[in-house]
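For reference, the chains in residue letters:
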Protein chains: 2
Amino acid sequence: MNSLNIKIIYRFLGITAILNGLFMFIAFPFSFFNEENEAWGILNAGIITIFIGLLLYLFNKPKNTNIQKKEGYLIVTLGWLTLSITGMLPYLLSGAIPSIPDAFFETISGYSTTGSSILKDIEIMPKGILFWRSATHWIGGMGIIVLTIAILPLLGIGGMQLFMAEAPGPSADKLHPRITDTAKRLYLIYVVLTFAEFFLLKVAGMTWFDALNHAMATVSTGGFSTKNASIAHYNHLPFVQYIITFFMLVAGTNFVLTYFALKGKIQKVFQSEEFRYYLFGIIGVSSLIIILIYHFQDPSLETSINHPKVFGDLEYAIRHSLFMVTSVVTTTGFVSADFTMWNFFATGIFFALFFTGGSAGSTSGGVKVVRHIVMLKNSFLEFKKALHPNAIIPVRYDGKSVSQTIVFNILSFFIIYMFIFIMASVTLNLLGLDFVSALGAAASSLGNIGPAIGSVSPVDNFAHLSTSAKWFCSFLMLIGRLELFTVLILFTPFFWRKN
Amino acid sequence: MNSLNIKIIYRFLGITAILNGLFMFIAFPFSFFNEENEAWGILNAGIITIFIGLLLYLFNKPKNTNIQKKEGYLIVTLGWLTLSITGMLPYLLSGAIPSIPDAFFETISGYSTTGSSILKDIEIMPKGILFWRSATHWIGGMGIIVLTIAILPLLGIGGMQLFMAEAPGPSADKLHPRITDTAKRLYLIYVVLTFAEFFLLKVAGMTWFDALNHAMATVSTGGFSTKNASIAHYNHLPFVQYIITFFMLVAGTNFVLTYFALKGKIQKVFQSEEFRYYLFGIIGVSSLIIILIYHFQDPSLETSINHPKVFGDLEYAIRHSLFMVTSVVTTTGFVSADFTMWNFFATGIFFALFFTGGSAGSTSGGVKVVRHIVMLKNSFLEFKKALHPNAIIPVRYDGKSVSQTIVFNILSFFIIYMFIFIMASVTLNLLGLDFVSALGAAASSLGNIGPAIGSVSPVDNFAHLSTSAKWFCSFLMLIGRLELFTVLILFTPFFWRKN
Ligand SMILES: [K+]
Ligand SMILES: [K+]
């Protein structure tokens, strides 16, 4: 234990808290200029958070700046917890969400970019609080970018080495080699995407406040909406939905590829195997869903959502299919239509999509497409190896051989993911959810998606869960977001042993 | 293609058909002495089957007796298909099951020891046909024993090398080294277990006919019953249920261990890590279910099964919990009570148990306990490796290091299993089953269990499935029973390439 550089951990947590508090100061005017009483609660939360941050920062001057693996794991997990614990102060101090389990759930749902909510009526919430909800998504998305670029490859878990091989490196056609510089460029893209979507949504007919919030919730693949009906609120404005679909697609794409695209190197984007599977997968599954909606919608399944067919039946089917498939695959979780109300088969497909995830190096959660590619290719090779056991046939990805170690990491990651999913389903079942809702809530929380099936379907929320089920889902969102290992390794005895 | 030794494949299929026909001759007197019209259909089926078998055998004199991997795969898959195609003749020719998809489903459900049925009323079936149903289980169980001992290790798939390492070998305390000799000994155990259970069930109050059929369906972990209510028919005879529970437990145990147990070497049985996990796993989960039944049975969930509480509430809870947990883990699929009617949580636990499977080297299907042990241990090691990436820490099983290749095979097997499960659920969803029933039917068919959840729950049957869903489930039962690879490899292009 002595070998851990505790001071540098505290110092990082201090910086995290200070940044978080500054965002609360940004939320304050949204309440203040709308003459909401909650303004002062938000301001106080900001002051307290920055004060805590400063204490942690100033009283921990590390003698050396060595960060090793163990410090890395602790910084990531405790960093997200610091965000979540200070981040619920605006809800609690303003009285907007008075209960701690509810406030914690809503906060971690924000920072983990899950977007599940315990709020029954979102539209009566003060503007400052609504902005703060979106801000937790946006901050969480920033956290994920730095996590993926700077920390996961260092920790070398779940095959993330594979993805980072194509990011920062010494070669000239790669992104700028230094990590801090890479992070800066990706943050710039993140900010640019947010403002671009904000602007387009305003033009397409949203208020500027709603446009800003939805833009923040899109680029982070978060999914909190300022409307009770989520994006189904805009079913009379098809362009709003197409714009959001496009930005969800971008947010679920490796940010390094978006960087190349913005530099005009479109051919580099399509050279990425993950991007091809991701894009054509979404198009393929959407096409299937279009056919289902257009030809086989089950009239006995009625939805509470209003669906004006602005441009006729076919456009309706295309728009909602593309929107919902992209929303689930990118793990954004916005809702334009309730997929559980199309027909049985659509529910099954969407449940399977709960396990795809978007691209590595994006803000999306879940298993991620690159892992599926490697698993799929390895499965085919297993058949070859069954015939020719002594042949050495490596998995090839992006034209290069993938080391056996990385394939092994990825297979293990997926098995641990499925194992946690099954145990979590059984646990949520025990905590009172019915069978289908338990499967849905577990898959959705772990994959940071948001809506699920059963009693937590796209038109429901998580308000009715028991307190223990809310804590448990909060935990699932956290471990899902941090690629399982980062959190769970802290529960192993050998982590705390001196080596 | 020329390189394939086609003649020896045909010759093996001929032997298979002849053996199958002989069992039909055994079924004949059950009908004949009960003066059933169906007797002649069964006899004709036997004559035709043996005639086909003789043709295949006599007209294929192979020049050499070389069997290589490709012949191995073909013999196994085509062998099961030969059984199933000839095996449906008694149903078709007697008119007991007139439709081909139904007859094929019932037959492959028999040989794959799944035990799902399309019969709505079992008790009106002629005795000869009921015996034939049980016989398909019993033959299927014999097939699995020879498959596991002689063929799977040769093909080296899904980590089965690991299990066979402890079966036939040169060491003195191992089973007799020669494979044919091993097979003979295990068949002797199989026969002895069947007669022992037959005798005990008769003593406990079954008719001799029902005792024989249930014994055959138990030792093969098949699960066809001669009663509509399955073993719930005997809810007034607790000892019948305890006897069946015990024999299910034995049938799900590695037959090599049963051999040692019968030789008096009980300590060797408990030295097996798989057996310890298997036994204590069943006891642990049963204990949990006992608590659920005893304290938390949901009174709003009503079952159609009659449950006389012969020895009071506690014994009732213990008996049904042990029975149903053992039935699902061993993939037997007998039903004493409808687990979906205890409470939500029990359904979740049983669904998770659908993926355990019994022991390798038993007649049970599914993933198998040994694979779970290796996956679980490997998962823990992945956490260690995340901290110490250069340390070489092998998975240990039964006190020995498991080679990385075998661990890799097992991880891949499980991922392919889950992948097929998900695709199968979506497909069954498409073929008209609702979400829960599709998950249940896919898991149950692939794991050769029998009853499932939803509209194919323990008190339902598969009669209401569409014809295409029946064909699809038949396919799932076949590939599940033959450890996936054996069948699926025939669909790869490289299998059919000359090497
Ligand atoms: K989300
Ligand atoms: K079975």
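Residues numbered from 1 in each chain as written. Chains lettered and ligands numbered in written order. Predicted model: local features only at pLDDT ≥ 70, side-chain atom pairs only at ≥ 80, totals over all residues. Heavy atoms only, no water.

Focus on the overall build of chain A
Filter applied, for reference: In this text, helices come from DSSP runs of H or I with a minimum length of four residues, and strands from runs of E with a minimum of two, each type numbered from the N-terminal end. Atoms counted for the radius of gyration: C-alpha only. Globule rule: 2.2 Å times the number of residues to the power 0.38. Exposure is judged per residue with a 1.4 Å probe applied to protein chains only, and the accessible area is read against the type maximum: over 50% gives exposed, under 20% gives buried, and values in between give partly exposed. Whether two residues are in contact is decided by their heavy atoms: any pair within 4.5 Å suffices. Throughout, the Shrake-Rupley method with a 1.4 Å probe supplies accessible areas, and for residues the shown protein chains are the sole cover considered.
Helix and strand content of chain A: 20 helices and two strands. What you see for chain A is a C-alpha radius of gyration of 22 Å, in line with the 23 Å of a compact globule of 499 residues. Dimensions of chain A, computed from the C-alpha atoms along their principal axes, are close to 65 × 60 × 50 Å. Considering chain A as a whole, with its 499 residues, one finds that 63% of them fall into the buried category. In chain A, 72% of the contacts between residues at least 6 apart in sequence involve partners at least 24 apart. Surface accessibility of chain A: about 18500 Å² in total, with carbon and sulfur atoms responsible for 67%.

Some thoughts on the coordination of the potassium ion (ligand 1)
Residue and element names in this part refer to chain A. Rules: Atoms of type N, O and S within 2.8 Å of a metal are treated as its donors, and for Na, K and Ca the window is 3.2 Å; water is not considered, so some sites may appear to be missing partners.
The coordination sphere of the potassium ion (ligand 1), as far as protein atoms go, consists of T113 (O), T114 (O), T221 (O), G222 (O), T331 (O), T332 (O), N448 (O) and I449 (O), spread over 2.5 to 2.9 Å. Mapping the donors of the potassium ion (ligand 1) onto the primary sequence yields the spacing T-T-x106-T-G-x108-T-T-x115-N-I. In this pair, T221 sits in the loop between α9 (208-219) and α10 (238-251) while T331 sits in the loop between α14 (312-329) and α15 (344-353), placing the two residues 110 residues apart along the sequence. Both residues of the pair, T221 and T331, belong to the buried class.

Thoughts on the side chain of E71 of chain A
All names here are of chain A. For the record, the criterion: Asp and Glu are treated as the negative residues and Lys and Arg as the positive ones, with His and the ends of the chain left uncounted. The salt bridge criterion pairs a side-chain nitrogen of Lys or Arg with a carboxyl oxygen of Asp or Glu, the two atoms within 4 Å.
With respect to the helices and strands, E71 occurs in helix α3 (residues 69-87). Of the side chains bearing the opposite charge, K70 lies closest to the buried E71, which forms no salt bridge; the N-O distance is 8.5 Å. What E71 contacts, discounting residues up to four positions off in sequence, is S3, L4, N5 and I9.

Concerning the relation of the copies chain B and chain A
Using the following cut-off: The copies were overlaid by least squares, fitting only the C-alpha atoms of residues that reach a pLDDT of 70 or more in each copy.
Of the two same-sequence chains, chain B is brought onto chain A (RMSD 0.0 Å, axial shift 0.0 Å) by a rotation of 180°. Within this description, the copies of the chain are treated as partners about a two-fold rotation axis. A share of 100% of interface residues in chain B that are also interface residues in chain A marks the association as one of identical surfaces.

Considering the interface of chain B and chain A
Quick reminder of the rule: By buried area we mean the combined loss of accessible area, with a 1.4 Å probe, across both parts when two parts are placed together. Polar contact is defined as a pair of N or O atoms within 3.5 Å, subject to the rule that within protein one atom must be able to donate a hydrogen and the other to accept it, and that residues adjacent in sequence are counted only when both atoms are side-chain atoms. Each residue gets one label: Ala, Val, Leu, Ile, Met, Phe, Trp, Tyr, Cys and Pro are nonpolar, Asp, Glu, Lys and Arg are charged, and the others, such as Gly, are polar.
Listed as interface residues are 54 residues of chain B and, on the opposing side, 54 residues of chain A. Contact with chain A buries surface across chain B, with F383, L387 and F408 of chain B losing the most and accounting together for 17% of the total. Linking chain B with chain A are zero salt bridges. At the junction of chain B with chain A, the criterion picks out four residue pairs in polar contact (both at pLDDT 80 or more). Elements with a contribution of two residues or more to the side of chain B that touches chain A: α3 (69-87), α15 (344-353), α16 (369-387), α17 (404-430), α18 (435-446) and α20 (485-488) of chain B. Classifying every residue of the side of chain B that touches chain A gives 36 nonpolar, 12 polar and six charged.

Quick notes on the coordination of the potassium ion (ligand 2)
Residues and elements named next belong to chain B. The coordination sphere of the potassium ion (ligand 2) contains the protein donors T113 (O), T114 (O), T221 (O), G222 (O), T331 (O), T332 (O), N448 (O) and I449 (O), at a distance range of 2.5 to 2.9 Å. In primary sequence terms, the donor set of the potassium ion (ligand 2) follows T-T-x106-T-G-x108-T-T-x115-N-I. Here the residue T113 occupies a position in the loop between α5 (100-111) and α6 (127-155), and T221 occupies one in the loop between α9 (208-219) and α10 (238-251), the gap between them amounting to 108 residues. As far as the burial class goes, T113 and T221 line up, both buried.

Some remarks on the packing of helix α5 (residues 100-111) of chain A against helix α19 (residues 467-481) of chain A
Residue and element names in this part refer to chain A. Rules: To get an axis, fit a line to the C-alpha atoms, keeping to the stretch in contact for a helix; angles then go from 0 to 180 degrees between the N-to-C directions. Each angle is binned into one of four classes, with values under 35 degrees roughly parallel, values over 145 roughly antiparallel, values of 65 to 115 roughly perpendicular, and all other values oblique. Each helix crossing is assigned a hand: it is left-handed if the near helix lies turned anticlockwise from the far helix by less than a right angle, otherwise right-handed if that turn is clockwise.
At a closest axis distance of 9 Å, the pairing of α5 and α19 adopts a crossing angle of 20°. Regarding the angle of α5 to α19, the classification is roughly parallel. Judged by the twist between their axes, the crossing of α5 over α19 is left-handed. Of α19, the residues touching α5 (which contributes I100, P101, D102, F104, F105, I108 and S109) are T467, K470, W471, C473, S474, M477 and L478.

Considerations on the packing of α17 of chain B against helix α19 (residues 467-481) of chain B
Residue and element names in this part refer to chain B. With their axes 11 Å apart at the nearest point, α17 and α19 run at an angle of 170° to one another. Taken together, α17 and α19 sit at an angle that is classed as roughly antiparallel. Remark: the crossing between α17 and α19 carries left-handed chirality. Contact with α17, carried on its side by I420, A424, T427 and L428, involves A469, F472, C473, L476 and I479 of α19 and no other residues of that element. Across the contact of α17 with α19, the residue classes tally to eight nonpolar, one polar and no charged.

Notes on the pattern of salt bridges
Considering all chains together, one arrives at 16 salt bridges over all chains under this definition. For D210 of chain B, the salt bridge identified is with K227 of chain B, shortest N-O distance 3.3 Å. Of this pair, D210 of chain B sits in helix α9 while K227 of chain B sits in the loop between α9 and α10, and the two are 17 residues apart along the sequence. The pair D210 of chain B / K227 of chain B is uniform in exposure class, with both members buried. The salt bridge involving K385 of chain B is made with E382 of chain B; its shortest N-O contact spans 3.3 Å. Pair noted here: K385 of chain B and E382 of chain B are both in helix α16, with a separation of three residues, about one helical turn. The pair formed by K385 of chain B and E382 of chain B is uniform in burial state, with each residue classed as buried. Members of the salt-bridge network, linked through shared partners, are K368, R371 and E483 of chain A.

A short note on a nonpolar patch on the surface
Residue and element names in this part refer to chain B. As a reminder, the rule being used: Patches were defined on residues exceeding 30% relative accessible area and lacking a salt bridge, with like-charge contacts within 9 Å and nonpolar side-chain contacts (Val, Leu, Ile, Met, Phe, Trp, Tyr) within 5 Å.
Taken together, the side chains of I48, F51, I52, L54, L55, L58, F59 and L93 define a hydrophobic patch exposed on the protein surface, amounting to about 740 Å² of accessible area. It is helix α2 (residues 38-58) that contributes the most residues to the nonpolar patch, six residues altogether. L55 gets classed as partly exposed once you look at its relative accessible area, which sits at 39%.

Overview of helix α17 (residues 404-430) of chain A
Residues and elements named next belong to chain A. This is how the line gets drawn: Expected span, for any helix, means 1.5 Å times one less than how many residues it has.
In a regular helix each residue adds 1.5 Å, so 27 residues correspond to 39 Å; α17 covers 39 Å between its end C-alpha atoms and thus fits that length. Most of α17 is tucked away, with 20 of its 27 residues classed as buried. Remark: G432 follows α17 within two positions and exhibits a positive phi of approximately 110°.

Considerations on the packing of aromatic side chains
In plain terms, the rule: Aromatic pairs are defined between Phe, Tyr and Trp rings, using the six-membered ring for Trp, whenever the two ring centres lie within 6.5 Å; interplanar angles under 30 degrees are classed as stacked, those over 60 as edge-to-face, and all others as tilted. Both a distance and an angle decide whether a charge sits over a ring: NZ of Lys or CZ of Arg must be within 6 Å of the ring centre and within 35 degrees of the ring normal.
Per the counting criterion, the structure on display carries 65 aromatic pairs over all chains. Judged by centre distance (5.5 Å) and plane angle (80°), the ring pair of F351 of chain A and F355 of chain A falls under edge-to-face. By the burial criterion, F351 of chain A is buried, and F355 of chain A matches it. Each ring, one from F435 of chain A and one from F351 of chain B, has its centre 5.3 Å from the other, and the planes form 75°; the classification is edge-to-face. Placement of F435 of chain A in helix α18 (residues 435-446) and of F351 of chain B in helix α15 is noted, with the two residues assigned to different chains. For F435 of chain A, a relative accessible area of 9% gives the class buried. Overall, F351 of chain B belongs to the buried group, its relative accessible area being 8%. One aromatic cluster is present, formed by F339, W342, F350, F351, F354, F355 and F421 of chain A together with F435 of chain B through successive ring pairs. Of note, K268 of chain B hangs over the ring of F260 of chain B, and the distance from its end group to the ring centre comes to 5.1 Å.

So, the side chain of S327 of chain B
Residues and elements named next belong to chain B. Turning to its location among the elements, S327 is positioned in helix α14 (residues 312-329). On the basis of relative accessible area, S327 is assigned to the buried category, the value being 1%. Apart from the residues lying within four places of it in its own chain, the contact partners of S327 are M248, T332, G333 and F334.

Let's talk about unusual backbone geometry
The phi angle at L484 of chain A is positive, at roughly 60°, despite the residue not being glycine. Residue placement: L484 of chain A occurs in the loop between α19 and α20 (485-488). Located in the positive-phi region is T113 of chain B, a residue other than glycine, with phi close to 55°. Look at T113 of chain B and you get buried, because its relative accessible area is 0%.

Considering the confidence of the model for chain A
Segments scoring low in pLDDT should not have their predicted coordinates read at a detailed level. This is how the line gets drawn: Confidence of the predictor in every single residue is expressed as pLDDT, which spans 0 to 100.
Averaged over every residue, the pLDDT of chain A is 86; residues scoring 70 or more account for 91%. Per-element mean pLDDT across chain A ranges from 60 in helix α7 (residues 160-164) of chain A up to 95 in α9 of chain A.

Structural notes on the environment of S134 of chain B
Residues and elements named next belong to chain B. Tracing the backbone through its elements, the reader meets S134 in helix α6. The exposure class of S134 is buried, given its relative accessible area of 2%. S134 sits 350 residues away from L484 along the chain, and the two C-alpha atoms are 24 Å apart.

Some thoughts on the environment of T182 of chain A
Residues and elements named next belong to chain A. Tracing the backbone shows T182 in helix α8 (residues 179-204). When its relative accessible area of 1% is taken as the criterion, T182 is described as buried. Through-space distance from the C-alpha of T182 to that of V146 is 9.3 Å; in sequence the pair is 36 residues apart.

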